[in-house]
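# Per-entry structural report
Listed here are the chains, written in short residue letters.
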Amino acid sequence: MYGTVNELCARLLQRYKSDELMTLIIWTKEDVLAVLDDESVTEETAADIVQQISGLDAQHDYGVSLETLKAVLENIRKEEKQARVATVPAAALESALKVAWDFMRPEDAQNGEGASARRFPAETAALCRISALLREQSGE
């Protein structure tokens, strides 16, 4: 379960009798910050980790450990890295594109047209996307 103290108490009272004995393990962002002290985790990321713990399938079978927290943190950081935005002058991008395409040409020459796209699919897709964005921006 994930939510505020009031929300969780209400859900617990809906599901269980008020005199039923149980063990309740609680993770707060402060707990996450303390356990991941060496990982330079922000309060925002710690809160995100606490939220994501509630959606883990195996948490009831295996619990939440340091390894679990590190895995969730790694996933969050990967998502953040993929979503980050950089502002670069168009001329610098055009120069970088030229170098990248020039690097890929010999691959196509030696191994047939499209060889570089097969060998470097993600990179080729990124280059095509950047090229298209630059053409769109310049009105071509």
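Everything here concerns the structure above.
Since this is a predicted model, take the numbers as computed values, not measurements. (Residues numbered from 1 in each chain as written. Predicted model: local features only at pLDDT ≥ 70, side-chain atom pairs only at ≥ 80, totals over all residues. Heavy atoms only, no water.)

## Structural notes on the packing of aromatic side chains
Scanning all chains against the criterion turns up one aromatic pair. The interplanar angle of 55 degrees and the centroid separation of 6.2 Å between the aromatic rings of Phe103 and Phe120 together place this pair among those described as tilted. Of this pair, Phe103 sits in helix α6 (residues 90-111) while Phe120 sits in the loop between α7 (115-119) and α8 (121-138), and the two are 17 residues apart along the sequence. (Phe/Tyr/Trp six-rings, centres within 6.5 Å; stacked < 30°, edge-to-face > 60°. Helix = DSSP H or I, 4+ residues; strand = E, 2+ residues; numbered from the N terminus.)

## Some details on the layout of surface pockets
Of the voids in this model, the largest pocket is the one considered here, and its volume is about 930 Å³. Lining the largest pocket are 25 residues, with Met1, Leu24, Ile25, Ile26 and Trp27 sitting closest to its centre. Within the residue set of the lining of the largest pocket, elements represented by two or more residues are α1 (5-15), α3 (43-53) and α4 (59-62). For the lining of the largest pocket, the element with the highest residue contribution is α1, accounting for five residues. For the lining of the largest pocket, a count of residues per class yields 16 nonpolar, seven polar and two charged. Its volume calculated, the second largest pocket comes out at about 450 Å³. Lining the second largest pocket are 15 residues, with Ala86, Leu93, Arg129, Ile130 and Leu133 positioned closest to its centre. The set of elements that each furnish at least two residues to the lining of the second largest pocket consists of α5 (66-83), α6 and α8. Among the elements that make up the lining of the second largest pocket, the one with the highest residue count is α8 (six residues). Classifying every residue of the lining of the second largest pocket by side-chain character gives nine nonpolar, three polar and three charged. (1 Å grid on protein atoms, 1.4 Å probe; cavity = no way out; pocket = protein on both sides within 12 Å on 5 of 7 lines; lining within 4 Å. Points joined across faces, edges and corners; volume = space filled by probe spheres on them. Nonpolar A, V, L, I, M, F, W, Y, C, P; charged D, E, K, R; others polar.)

## Considering the side chain of Thr68
Here Thr68 lies in helix α5. For Thr68, a relative accessible area of 18% corresponds to the buried category. (Buried < 20%, exposed > 50% of the residue type's maximum accessible area, 1.4 Å probe, protein only.)

## Some details on unusual backbone geometry
A positive phi angle is found at Ser40, which is not glycine, with a value near 55 degrees. Relative to the helices and strands, Ser40 resides in the loop between α2 (29-35) and α3. Under the relative-accessibility criterion, Ser40 is labelled exposed at 64%.

## Topic: α3
Every buried residue of α3 is accounted for by Thr45, Ala46, Ile49, Val50 and Ile53. Take α3 and look down its axis: the buried residues cluster within an arc of 145 degrees, on one side only. Next to the buried residues of α3 lie α2, α4 and α5. (Arc of directions from axis to C-beta. Contact = heavy atoms within 4.5 Å.)

## Section: the nonpolar core
Counting twelve residues, the largest nonpolar core consists of Val32, Leu36, Val41, Ala46, Ile49, Val50, Ile53, Val64, Leu69, Val72, Leu73 and Ile76. Excluding residues within four positions of it along the chain, Val72 makes contact with Ile49, Gln52 and Leu56. (Core = buried A, V, L, I, M, F, W, Y, C linked by side-chain atoms within 4.5 Å.)

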